[in-house]
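Chain and residue survey
The lines below spell out each chain.
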Amino acid sequence: MTLEVDTPAPPTLDFVDPNEYEDATISASGTEEIDYRREELQEFLETGAWEEAFEEWRADTDLEEREFSIARDLDLFADFDFFWDDFADRVGYHAPGIPEDWQAREYHPELDTWGTVSAINAELTEFGQIVSVILKEEYIDWEAEYEPPEDLPDFD
């Protein structure tokens, strides 16, 4: 059953070091400045990738309108981050979520169970994955510049 809701606006990708997220680690050698290609990714999101991913996600999500409304009220879709992970040749992402202390903080008046919180967090993660895949498969035309060191062991 398709969720009948409007597509939220894509997030604005600001510079954040992805290594600051608990759910993302970017490997890099040395202390050189890393190009996360956020400007290009932002353009792709705004010119169709975000809407395309949302359409795909909306068709299969298990969220109900009430749960989606909570995520929208909390502006969680605006808190996504996407970045180029050259080391892994992929689009990395950070999905926002409702914190563990949601009850103590009275985070949202309609949040009533851990099941609701878990469903929202899981579906936001799923949406981030869909956006990441669509960006990589349909929008990105560059290749990773990372070249592994020649002295890596051969595991074949």
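No experiment lies behind these values; they were computed from the predicted model shown.

A few words on the confidence of the model for the protein. When pLDDT is averaged across the protein, the result is 85; 78% of the residues are at 70 or more. At the low end of the mean pLDDT range in the protein sits helix α3 (residues 102-105), at 88; at the high end sits helix α4 (residues 114-139), at 96.

Over its 23 residues, helix α1 (residues 38-60) extends only 28 Å from the first C-alpha to the last, a length that falls short of the 33 Å expected when each residue adds 1.5 Å. Restricting attention to buried positions, one finds in α1 the residues Arg38, Leu41, Gln42, Phe44, Leu45, Ala49, Trp50, Ala53, Phe54, Trp57 and Arg58. The inward-facing, buried residues of α1 abut α2 (65-73), β1 (81-85), β2 (90-94) and α4.

Looking now at α4. The terminal C-alpha atoms of α4, which comprises 26 residues, lie 36 Å apart, in line with the 38 Å expected from a rise of 1.5 Å per residue. Looking at α4, one finds that the buried residues are Thr116, Val117, Ile120, Glu123, Leu124, Phe127, Gly128, Ile130, Val131, Ser132, Ile134 and Leu135. Looking at the packing, one finds that the buried side of α4 touches α1, α2, β1, β2 and α3.

This paragraph deals with the pairing of β1. Of all 5 residues in β1, 5 are buried, a share of seventy percent or more. Relative to β2, β1 is paired through 5 bridges, and the arrangement is antiparallel. When the sheet's bridge partners are listed, Phe83 is paired in β2 with Gly92. Hairpin connection from β1 to β2: 4 residues lie between these consecutive antiparallel strands, with Asp89 at a positive phi of about 55°.

Ranked by internal contacts, the top residues of the largest apolar core, which has 37 residues, are Leu41, Trp57, Phe77, Phe82, Ile120, Phe127 and Leu135. Elements represented by at least two residues in this core include exactly α1, α2, β1, β2 and α4. Excluding residues that lie within four positions of it along the chain, Trp57 makes contacts with Leu3, Leu63, Phe68, Phe77, Glu123, Glu126, Phe127 and Ile130.

Turning next to the packing of α2 against α4. Interaxial distance between α2 and α4 falls to 10 Å at its minimum, and their mutual angle equals 70°. Accordingly, the angle class assigned to the pair α2 and α4 is roughly perpendicular. Along its contact with α2, which presents Arg66, Glu67, Ile70 and Ala71, the element α4 presents Thr116, Ala119 and Ile120. Here the contact of α2 with α4 is composed, by residue class, of 4 nonpolar, 1 polar and 2 charged.

In this section: the environment of Glu67. Inspection of the secondary structure puts Glu67 in helix α2. Looking at Glu67, its side chain comes within polar contact range of the main-chain nitrogen of Glu64, at 2.9 Å.

Procedures and definitions
- Numbering of residues begins from 1 in every chain and follows the order in which that chain's sequence is written.
- Where local features are concerned, this predicted model is filtered to residues with pLDDT of at least 70; where side-chain atom pairs are given and counted, the filter is 80 or more; whole-chain, interface and lining totals use all residues.
- Excluding hydrogens and water, the side-chain values take into account all heavy atoms of the structure.
- Per-residue confidence from the prediction method is given by pLDDT, with values spanning 0 to 100.
- Strands are runs of DSSP state E lasting at least two residues, helices are runs of H or I lasting at least four, and both sets are numbered from the N terminus onward.
- Every helix has an expected span of 1.5 Å times one less than the residues it contains.
- Between buried and exposed lies partly exposed: a residue is buried under 20% and exposed over 50% of the maximum accessible area for its type, with that area taken using a 1.4 Å probe on protein chains only.
- When checking whether two residues touch, look at their non-hydrogen atoms; a contact exists if any pair is within 4.5 Å.
- Pairing between two strands is assigned when DSSP locates at least 2 bridges connecting them.
- Nonpolar cores were defined as sets of buried Ala, Val, Leu, Ile, Met, Phe, Trp, Tyr and Cys residues, with membership established by side-chain atoms within 4.5 Å.
- All axes here are fitted lines through C-alpha atoms, helices being fitted over the stretch that makes contact, and every angle between N-to-C directions spans 0 to 180 degrees.
- Between 65 and 115 degrees an angle is taken as roughly perpendicular, under 35 as roughly parallel, over 145 as roughly antiparallel, and anywhere else as oblique.
- Residue type decides the class: Asp, Glu, Lys and Arg count as charged, Ala, Val, Leu, Ile, Met, Phe, Trp, Tyr, Cys and Pro as nonpolar, and the leftover types, Gly among them, as polar.
- Identification of polar contacts relies on pairs of N or O atoms within 3.5 Å, with a donor-acceptor requirement for protein atoms, meaning one able to donate a hydrogen and the other able to accept it, and with residues adjacent in sequence counted only if both atoms are side-chain atoms.

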